[in-house]
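Examination of the molecular architecture
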Amino acid sequence: MFNSNRMKTITIILCFSGILSSVLAQTTTEEEYIKKYQERIKMTRINDVYIPSNTEEAMKELARLTEEDARKKLLTVPEDTIASKLHFSLGRWMQLNWGMDEGSRISHYYKTKGVSYTDDQIDLLLRCFYRFVGGNDLREDDLVRHYVALRKSEADVRKRKGKVIKELGPGK
């Protein structure tokens, strides 16, 4: 029979080893991440889902995946409303299935254009899809400029509001 101190020690060791193995299993080096990212951005399919390589392909794929009646209903609501309302449904589907957080052809396409935030990529895709369904020019470059300027402006504000902790002079 075990005494209570020995049981506590065994319990602590088991808990610690479980936590340690979990942490070690999730640890990836920057090199491993970059290697995996480089593989993913070349894949035409991830988890058996087709990954578009640009906005034009994404519009065709979204049209293929949606019913015509559903697409027509989009046009009964303003673009800003659609972008907001669909962000956590269709947008979330794109984020997960098109591998936008871990890297994919479509997310890399936008990153090379300067749109690096996943939420901005989703918003851009939803707005383009709305315009695509309506038969309008997608104005993708205008949207890209908007998101790049928005993030630059936010970064500038953070820098201006930042507090200097300590100034170091020459030779310090």
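Here, the structure is the one placed above.
Residues numbered from 1 in each chain as written. Predicted model: local features only at pLDDT ≥ 70, side-chain atom pairs only at ≥ 80, totals over all residues. Heavy atoms only, no water.

On to the overall build of the protein chain. Secondary structure summary: the protein chain contains nine helices and two strands in total. When the helices and strands of the protein chain are placed in sequence order, the string is α-α-β-β-α-α-α-α-α-α-α. Within the span of the protein chain, comprising 172 residues, buried residues form 30% of the whole. Nonlocal contacts in the protein chain, meaning residues at least 24 apart in sequence, comprise 71% of its contacts between residues at least 6 apart. In the structure as shown, the protein chain presents an accessible area of about 12200 Å², 56% of it carried by carbon and sulfur atoms. (Helix = DSSP H or I, 4+ residues; strand = E, 2+ residues; numbered from the N terminus. Buried < 20%, exposed > 50% of the residue type's maximum accessible area, 1.4 Å probe, protein only. Contact = heavy atoms within 4.5 Å. Areas by Shrake-Rupley, 256 points an atom, 1.4 Å probe, with all protein chains shown as cover.)

Attention shifts here to the packing of aromatic side chains. In the structure shown here, the tally under the stated rule is four aromatic pairs. Ring centres 5.1 Å apart and planes at 70° place the aromatic pair Tyr109 and Tyr110 in the edge-to-face group. Taken together, a centroid distance of 6.4 Å and an interplanar angle of 15° make the contact between Phe129 and Phe132 stacked. Of the two residues, Phe129 and Phe132 are both situated in helix H8 (residues 118–133); the distance of three residues between them amounts to about one turn of the helix. (Phe/Tyr/Trp six-rings, centres within 6.5 Å; stacked < 30°, edge-to-face > 60°.)

Quick look at the pattern of salt bridges now. For the coordinates displayed, the defined rule picks out 15 salt bridges. A salt bridge links Glu56 to Lys60, with the shortest nitrogen-to-oxygen separation between them at 3.2 Å. Note that Glu56 and Lys60 are positioned in helix H3 (residues 55–65) at a spacing of four residues, about one turn of the helix. Across the salt bridge formed by Asp123 and Arg127, the nearest N and O atoms sit 2.7 Å from each other. Of this pair, Asp123 and Arg127 both sit in helix H8, separated by four residues, roughly a single helical turn. Just as Asp123 is buried, Arg127 falls in that class too. One salt-bridge network, in which partners are shared between bridges, spans Glu79, Asp80, Asp123, Arg127 and Arg131. (Salt bridge = Lys/Arg side-chain N within 4 Å of Asp/Glu carboxyl O.)

Further remarks concern unusual backbone geometry. The backbone of Asn47 shows a phi angle near 50°, a positive value even though the residue is not glycine. Residue position: Asn47 is located in the loop between strand E1 (45–46) and strand E2 (49–50). The phi dihedral of Arg139 is positive, around 50°, even though this residue is not glycine. Following the sequence through the fold, Arg139 ends up in the loop between H8 and helix H9 (140–161).

By secondary structure assignment, the location of Arg45 is in strand E1. Placed 59 residues apart in sequence, Arg45 and Ser104 show a C-alpha to C-alpha distance of 9.1 Å. Apart from the residues within four sequence positions on either side, Arg45 is in contact with Tyr50 and Ile51. A distance of 3.1 Å separates a polar atom in the side chain of Arg45 from the backbone oxygen of Asp48. (Polar contact = N/O pair within 3.5 Å; in protein donor to acceptor, adjacent residues only side chain to side chain.)

Relative to each other, helix H7 (residues 105–112) and H8 sit at 100°, their axes nearing to 10 Å. Classed by the angle they form, the pair H7 and H8 counts as roughly perpendicular. Residue-level contacts link Ile106, Ser107, Tyr110 and Lys111 of H7 to Gln121, Leu124 and Leu125 of H8. (Axes fitted to C-alpha atoms, helices over the stretch in contact; angles between N-to-C directions. Parallel < 35°, antiparallel > 145°, perpendicular 65-115°, else oblique.)

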